[in-house]
Amino acid sequence: MNRNLVIGAVLSAIFVLLAAISLVWTPSDIETLDIPNRLQTPSRANLLGTDHFGRDILSMVMMGARTSIAVALVAVGIGMALGIPLGLLAAARHGSLLDEVIMRGNDLVFAFPSLVIAILITAVFGASAVNAIIAIGIFNIPVFARLARGAALPLWERDFILAARVCGKSATRISIEHILPNMTNLMIVQGTIQFSLGILAEAALSYIGLGAQPPTASWGRMLADAQTLVSIAPHTALVPGFAILLMVLGLNLMGDGLRDWLDPRIRVTRT
């Protein structure tokens with residue numbers, strides 16, 4: 001394992017652990033307001049201080065980690081579950097009308113910025129974490145579809161695929177039994193990258209009020225609430241900002257490390 005993979009895995013594991021702990025315990029209840037203790041600086045009672053409502057920021061960060069991870073994880077899952085089969089289908093029917101329909105549909109989605117599509121969907125169907133998941137997931141579908149098709153096309157020219165076709169296996173069976181296992185590593189690496197982008201997308205939607213709604217905690221909403229308080233209570237903005245930064249950095253480092261670790265050419269070179 002290389003250094004990037006270890007550092008990225010540690011950073012990501014810290015926030016996953018915080019999110020898991022928040023399922024059963026937080027230092028304080030984020031739905032309880034404590035106005036007399038608002039905007040308190042970090043102290044022994046509140047390790048990361050309090051926000052403009054007197055809520056413990058550490059508890060908010062823990063709950064926000066759970067929201068961001070859940071939204072990004074489900075959104076990436078939607079993208080992989082729908083995008084990879086579409087990509088495999090397009091590769092298996094390379095040059096056919098079905099291939100053209102799938103790829104032109106991907107181009108149509110890519111023609112619009114992902115954040116604009118997410119804003120459009122959440123604005124039409126309402127602001128909520130569920131709609132944010134759908135919006136982010138829709139953009140992930142063409143990403144995985146195009147990647148899966150690009151990775152599968154060269155494999156269809158390999159000798160072991162030709163042997164499988166001679167044995168009478170169908171295109172669907174070949175895609176599942178032979179093509180997909182040989183591109184799993186690439187999908188895993190891309191999944192970590194899309195996961196980090198999902199964290200950013202969820203924060204952006206929550207920042208403009210189209211993501212998770214109160215009382216659900218969100219890092220993006222914490223930044224939005226703190227934008228007018230930076231001069232008098234900078235910790236209210238710095239803490240969620242650094243949480244997003246470290247989480248995304250950890251996922252990107254982990255994706256970069258996984259790419260090197262799972263690449264058989266690099267393993268052979270090191271050996």
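Attention here is on the structure that accompanies the text. (Residues numbered from 1 in each chain as written. Predicted model: local features only at pLDDT ≥ 70, side-chain atom pairs only at ≥ 80, totals over all residues. Heavy atoms only, no water.)

1. Quick look at the pattern of salt bridges
Heads up, the rule is: We define a salt bridge as a contact between a side-chain nitrogen of Lys or Arg and a carboxyl oxygen of Asp or Glu at a distance within 4 Å. Numbering of helices and strands starts at the N terminus; helices are DSSP runs of H or I of at least 4 residues and strands are runs of E of at least 2. Under the scheme applied here, a residue whose accessible area is under 20% of the maximum for its type counts as buried, over 50% as exposed, and between as partly exposed, the area being computed with a 1.4 Å probe on protein chains only.
Summed over all chains, the structure comprises nine salt bridges. The partner of arginine 104 in a salt bridge is glutamate 100, with the nearest N and O atoms 2.7 Å apart. Taken as a pair, arginine 104 and glutamate 100 lie in helix H3 (residues 97-110) at a separation of four residues, close to a single helical turn. Here arginine 259 ties to aspartate 260 by a salt bridge, and the two come within 3.6 Å at their closest N and O atoms. On the basis of relative accessible area, arginine 259 is assigned to the partly exposed category, the value being 47%. Taken together, the shared-partner salt bridges connect Glu100, Arg104, Asp107 and Arg146 into one network.

2. Section: the packing of H3 against helix H5 (residues 129-155)
The line we're drawing: Each axis is a line fitted through C-alpha atoms, taken for helices only over the stretch in contact, and angles between the N-to-C directions span 0 to 180 degrees. Reported orientations rely on four angle classes, namely roughly parallel under 35 degrees, roughly antiparallel over 145, roughly perpendicular from 65 to 115, and oblique for the rest. A clockwise turn of the near helix away from the far one marks a right-handed crossing, whereas an anticlockwise turn of less than a right angle marks a left-handed crossing. Two residues qualify as a contact provided that any one of their heavy atoms is within 4.5 Å of a heavy atom in the partner residue. Just so you know the grouping, Ala, Val, Leu, Ile, Met, Phe, Trp, Tyr, Cys and Pro go in nonpolar, Asp, Glu, Lys and Arg go in charged, and all remaining residues, Gly too, go in polar.
For the pair H3 and H5, interaxial distance at closest approach is 9 Å and the crossing angle is 135°. In terms of axis orientation, H3 runs oblique to H5. In terms of crossing hand, the pair formed by H3 and H5 is left-handed. Each of Asp99, Met103, Asn106, Asp107, Val109 and Phe110 in H3 lies in contact with H5, whose residues at this interface are Ile138, Phe139, Pro142, Val143, Ala145, Arg146 and Arg149. Residues of the contact of H3 with H5, tallied by class, amount to eight nonpolar, one polar and four charged.

3. Quick word on the environment of threonine 67
Looking at the secondary structure, you find threonine 67 in helix H2 (residues 57-92). Ignoring any residue separated from it by four or fewer positions in sequence, one finds threonine 67 in contact with Glu202, Ala212, Thr216 and Ala217.

4. As for H3
As a reminder, the rule being used: Multiply 1.5 Å by the residue count of a helix minus one, and that product is the helix's expected span. Within this analysis, the arc is defined by the directions that extend from the helix axis to the C-beta atoms.
With 14 residues, H3 should reach 20 Å at 1.5 Å per residue; the first-to-last C-alpha distance of 20 Å fits that figure. Along H3, the residues that are buried comprise Asp99, Ile102, Met103 and Asn106. All buried residues of H3 project into a common sector of 90° when viewed along the axis, lining one side. Away from its buried face by more than 90 degrees, H3 exposes Leu97, Val101 and Leu108. For H3, the secondary structure elements touched by its buried residues are H2 and H5.

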